There are 2 protein chains.
Amino acid sequence: MKDAIGVVPGLAVILVGSRKDSQTYVRNKKKACEAVGIKSYEVNLPEDSSEDEVLKHIATFNSDPSVHGILVQLPLPHHMNDENILNAVSIEKDVDGFHPLNIGRLAMQGRDPFFVPCTPKGCMELLHRYGVEIKGKRAVVIGRSNIVGMPAALLLQKANATVSIVHSNTKKPEEITRQADIVIAAVGVANLVRGSWIKPGAAIIDVGINPVDDPESPRGYRLVGDVCYEEASKIAGLITPVPGGVGPMTIAMLLSNTLESAKRIHKFK
Amino acid sequence: MKDAIGVVPGLAVILVGSRKDSQTYVRNKKKACEAVGIKSYEVNLPEDSSEDEVLKHIATFNSDPSVHGILVQLPLPHHMNDENILNAVSIEKDVDGFHPLNIGRLAMQGRDPFFVPCTPKGCMELLHRYGVEIKGKRAVVIGRSNIVGMPAALLLQKANATVSIVHSNTKKPEEITRQADIVIAAVGVANLVRGSWIKPGAAIIDVGINPVDDPESPRGYRLVGDVCYEEASKIAGLITPVPGGVGPMTIAMLLSNTLESAKRIHKFK
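Residues numbered from 1 in each chain as written. Chains lettered and ligands numbered in written order. Predicted model: local features only at pLDDT ≥ 70, side-chain atom pairs only at ≥ 80, totals over all residues. Heavy atoms only, no water.

A UniProt comment under Subunit (unreviewed entry) is attached to chain A, and it reads "Homodimer." UniProt's Function (unreviewed entry) comment on chain A is quoted here verbatim: "Catalyzes the oxidation of 5,10-methylenetetrahydrofolate to 5,10-methenyltetrahydrofolate and then the hydrolysis of 5,10-methenyltetrahydrofolate to 10-formyltetrahydrofolate." (UniProt positions renumbered as here; feature names shortened; annotations may be inferred.)

Participant: Can you tell me about the UniProt feature "domain: Tetrahydrofolate dehydrogenase/cyclohydrolase catalytic" (unreviewed entry) in chain A, naming the residues and giving the values?
Facilitator: In the numbering used here, UniProt assigns the feature "domain: Tetrahydrofolate dehydrogenase/cyclohydrolase catalytic" (unreviewed entry) to residues 6–96 of chain A. Each end of residues 6–96 of chain A is marked by a C-alpha atom, and these two atoms are 25 Å apart; helix forms 40% of the span and strand 20%. (Helix = DSSP H or I, 4+ residues; strand = E, 2+ residues; numbered from the N terminus.)

Participant: With reference to specific residues and values, describe the environment of Gly195 of chain A.
Facilitator: All names here are of chain A. In this fold, Gly195 is placed in the loop between β6 (182–185) and β7 (203–206). As for Gly195 and Ser233, which are separated by 38 residues in sequence, their C-alpha atoms are 7.9 Å apart. Residues in contact with Gly195, not counting those within four places in the same chain, are Glu231, Ala232 and Ile235. (Contact = heavy atoms within 4.5 Å.)

Participant: Describe unusual backbone geometry, with residues and values.
Facilitator: Excluding glycine, residues mostly have negative phi values, and the peptide bonds linking residues are mostly trans. For the bond running from Leu74 of chain A to Pro75 of chain A, omega is -5°, close enough to zero to count as cis. Mapped onto the fold, Pro75 of chain A is located in the loop between β3 (69–72) and α4 (82–88). Looking along the chain, the bond that leaves Val242 of chain B and enters Pro243 of chain B is cis, with omega of -5°. Tracing the chain through its elements places Pro243 of chain B in the loop between β10 (238–239) and α10 (246–265). The phi dihedral of Lys172 of chain A falls on the positive side, at around 45°, and the residue is not glycine.

Participant: Now, about the nonpolar core: what can you tell me, with residues and values included?
Facilitator: Generally speaking, nonpolar side chains in soluble globular proteins are found buried as a group. In this structure, Leu127 and Leu156 of chain A together with Leu127 and Leu156 of chain B are the most contacted members of the largest nonpolar core, which totals 92 residues. Those residues in contact with Leu127 of chain A that lie beyond four places of it in its chain are Val132, Ile134, Leu156, Ile182, Ala203 and Ile205 of chain A. (Core = buried A, V, L, I, M, F, W, Y, C linked by side-chain atoms within 4.5 Å. Buried < 20%, exposed > 50% of the residue type's maximum accessible area, 1.4 Å probe, protein only.)

Participant: Hey, could you go over the packing of helix α5 (residues 100–107) of chain A against helix α7 (residues 149–158) of chain A for me, with residue numbers and the actual values?
Facilitator: Residue and element names in this part refer to chain A. The N-to-C vectors of α5 and α7 enclose an angle of 30°; their axes lie 9 Å apart at closest approach. On the basis of the axis angle, α5 is roughly parallel to α7. Across the interface between the two elements, Ile103, Arg105, Leu106 and Ala107 from α5 touch Met150, Pro151, Leu154, Leu155 and Lys158 from α7. (Axes fitted to C-alpha atoms, helices over the stretch in contact; angles between N-to-C directions. Parallel < 35°, antiparallel > 145°, perpendicular 65-115°, else oblique.)

Participant: Break down the relation of the copies chain A and chain B for me, with residues and values.
Facilitator: Under the fitted operation, chain A is carried onto chain B by 0.0 Å of movement along the axis and a turn of 180°, and the coordinates agree to an RMSD of 0.1 Å. Interpreted geometrically, this transformation is the action of a two-fold axis. Comparing contact sets, 100% of the residues at the interface of chain A also lie at the interface in chain B, consistent with an isologous, same-surface contact. (Least-squares fit on C-alpha atoms with pLDDT ≥ 70 in both.)

Participant: Can you explain the sheet that holds strand β1 (residues 10–16) of chain B? Please cite residues and give values.
Facilitator: All names here are of chain B. Here we have three strands laid out as an open sheet, ordered β2-β1-β3, and parallel in their pairing. Edge positions in the sheet fall to β2 (39–45) and β3 (69–72), since each of these pairs with one other strand and no more. Pairwise comparison of adjacent strand axes, ignoring direction, gives a mean angle of 15° for this sheet. The pairing of β1 with β2 spans seven bridges and is classified as parallel. Paired with Gly10 across the strands is Lys39, a residue of β2. The strands touched by helix α2 (residues 20–36) are β1, β2 and β3; relative to β1, the strand with the most contacts, the crossing angle is about 170°. Of the strands in this sheet, β1, β2 and β3 are in contact with helix α3 (residues 51–63), which crosses β1 at around 180°. (Pairing = 2+ DSSP bridges.)

Participant: How would you sum up the UniProt feature "domain: Tetrahydrofolate dehydrogenase/cyclohydrolase NAD(P)-binding" (unreviewed entry) in chain A? Please name residues and give values.
Facilitator: In the numbering adopted here, UniProt assigns the feature "domain: Tetrahydrofolate dehydrogenase/cyclohydrolase NAD(P)-binding" (unreviewed entry) to residues 117–264 of chain A. Structurally, residues 117–264 of chain A comprises 34% helix and 19% strand, and the distance from its first C-alpha atom to its last is 17 Å.

Participant: Can you tell me about the packing of helix α6 (residues 118–129) of chain A against α7 of chain A, naming the residues and giving the values?
Facilitator: Residues and elements named next belong to chain A. The geometry of α6 relative to α7 is characterised by a closest axis approach of 9 Å and an angle of 40° between their N-to-C directions. Regarding the angle of α6 to α7, the classification is oblique. For α6 against α7, the interelement crossing comes out right-handed. The segment α6 lies against α7, with Pro120, Lys121, Met124 and Leu127 engaging Pro151, Ala152, Leu155 and Leu156. Tallied by class, the residues present in the contact of α6 with α7 amount to seven nonpolar, no polar and one charged. (Left-handed = near helix turned anticlockwise from the far one by under 90°. Nonpolar A, V, L, I, M, F, W, Y, C, P; charged D, E, K, R; others polar.)

Participant: Lay out the packing of aromatic side chains in plain terms, naming residues and giving numbers.
Facilitator: For the structure shown, the criterion picks out zero aromatic pairs over all chains. We note Arg219 of chain B situated over the ring of Tyr221 of chain B; from NZ or CZ to the ring centre the distance is 4.8 Å. (Phe/Tyr/Trp six-rings, centres within 6.5 Å; stacked < 30°, edge-to-face > 60°. Lys NZ or Arg CZ within 6 Å of the ring centre and 35° of its normal.)

Participant: Help me get a handle on the side chain of Asn102 of chain A, residues and values and all.
Facilitator: All names here are of chain A. When you line up the elements, Asn102 lands in helix α5. On the basis of relative accessible area, Asn102 is assigned to the buried category, the value being 1%. A distance of 3.1 Å separates a polar atom in the side chain of Asn102 from the backbone oxygen of Gly97. There is a polar contact of 2.8 Å between the side chain of Asn102 and the backbone nitrogen of Phe114. Each residue touching Asn102, except ones within four places of it in the same chain, is listed here: Ile91, Asp94, Gly97, Pro113, Phe114, Phe115 and Pro117. (Polar contact = N/O pair within 3.5 Å; in protein donor to acceptor, adjacent residues only side chain to side chain.)

Participant: Kindly report on the environment of Pro75 of chain A, identifying the contributing residues and their values.
Facilitator: A relative accessible area of 38% means that Pro75 of chain A is categorised as partly exposed. The contact partners of Pro75 of chain A, leaving out residues within four places of it in the chain, are Arg19 and Ser22 of chain A.

Participant: How would you explain the domain arrangement of chain A if you had to name every residue and give the values?
Facilitator: Taken domain by domain, chain A comprises domain 1 (1–90) and domain 2 (118–245). Taking only C-alpha atoms, the centre of domain 1 of chain A and the centre of domain 2 of chain A are 28 Å apart. (Domains from an automatic or database assignment.)

Participant: Let's hear about the sheet that holds β3 of chain A: which residues, and what values?
Facilitator: Paired through backbone hydrogen bonds, the strands of a sheet run either parallel or antiparallel to each other. Residue and element names in this part refer to chain A. If you walk across this open sheet you meet the three strands as β2-β1-β3, and the pairing is parallel. For this open sheet the edge positions go to β2 (39–45) and β3, each flanked by a neighbour on one side alone. Across this sheet, the average inter-strand angle for adjacent strands is 15°, counted without regard to direction. Along the sheet face, helix α2 (residues 20–36) touches β1 (10–16), β2 and β3 and points at about 170° away from the line of β1.

Structure (structure tokens):
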């Protein structure tokens, strides 16, 4: 693209506050941009910034033609209104795909979203790359968050799976999950999904990243998924590890969305 | 509202072409408006009208302060782009709730749609009025159309049911449906759901309205639902009849959405 039309895709990241995990995510995204030749722009604002300051930076990036994707790192400080801030990102540059207009288009038949949210897009890409048939299969999504569970369920449905959504009010979640050929677990509860929940041969995508105490680890904790890997890996046909499964896919899809945005804005095929 | 602030809610209906069923629906909506004191505005355009003519009428209603709801009767003639036309309706007056921004807000936790689409809203109202518990219950929606199945599934999920969506690619739909405490059938296939599909005591909402040949009827046909009423009514705890169940609720919810819109626009509580 650079050679053909002289355009370098650009991704702007806005980070408010100094949460360690958010800083790590932003650093990883920046590194990934560098690795593939996407120019990254970064704004770091102090925890006590006002909503207006964040909105001002979004407006600047919205009108900056060298920026094709804008990402506001979540969670935002409590005194800010997530909805106001996320809605301010231009729909053409909302590479996270969190805008309600985008989610609506994702839900509707015959419409396509501008961007597919990164983590669910990564889950689908994993299923495709590993040759997992989706059409006509039973799929269970555990968790219904706006950023993973809900859009993942919509994507599976668009791909013609028969989808059930399990959440905190579901009675006997293990019975429904056991019917699934495909499970996407995105609920944030360490080792919730046990071996007994899984249909033999099923494909399991584990989106959870939960810290559990581990005195033997130098950090005092280790990261585990929503799925008990030790048990599930003996029964599942395919299973993603935590860490290392879905996480890197999320970043890859962010880069893919940014490139897609640059191509669309510059009408480059 | 008229007495308190001198405002009469207004609903505008745009009908293109001369389909008999669409004319009947529009006439029924108009009658219902009159019965409750909503002022109705109607535009009838010939089948061969241009998209621009429809868009011009929408623009006029969008800026008319006496109109609080705008409804474009579907289906539109084939030469028109539904998406362009439905997107032109001001989101504040989209009483059908079909705008993708509205669907997105319906799908997301922590957001509320401007309007809940009329037929799914009617289904939920029936469940509430008849005291059907939804939270924690298994619900199956048969069909995933943009106007009924998909939004109905989103509403059931917002009400904390565990929702599965059955569609044309689903294998053994009867097995999943048999697990459901609540079934919403909206697929347009006469008598698809048999008695054997139903869990004893379940609540069944039948959205289908399908003509089947009937030489004994003066019109040569009669209307039946997606559910085989004769069989299902023996097993279900509650079941809506066709015609007469969901149909009148759809119109009632359209009136309710129009009133809600007028109240919101005029900040009337």
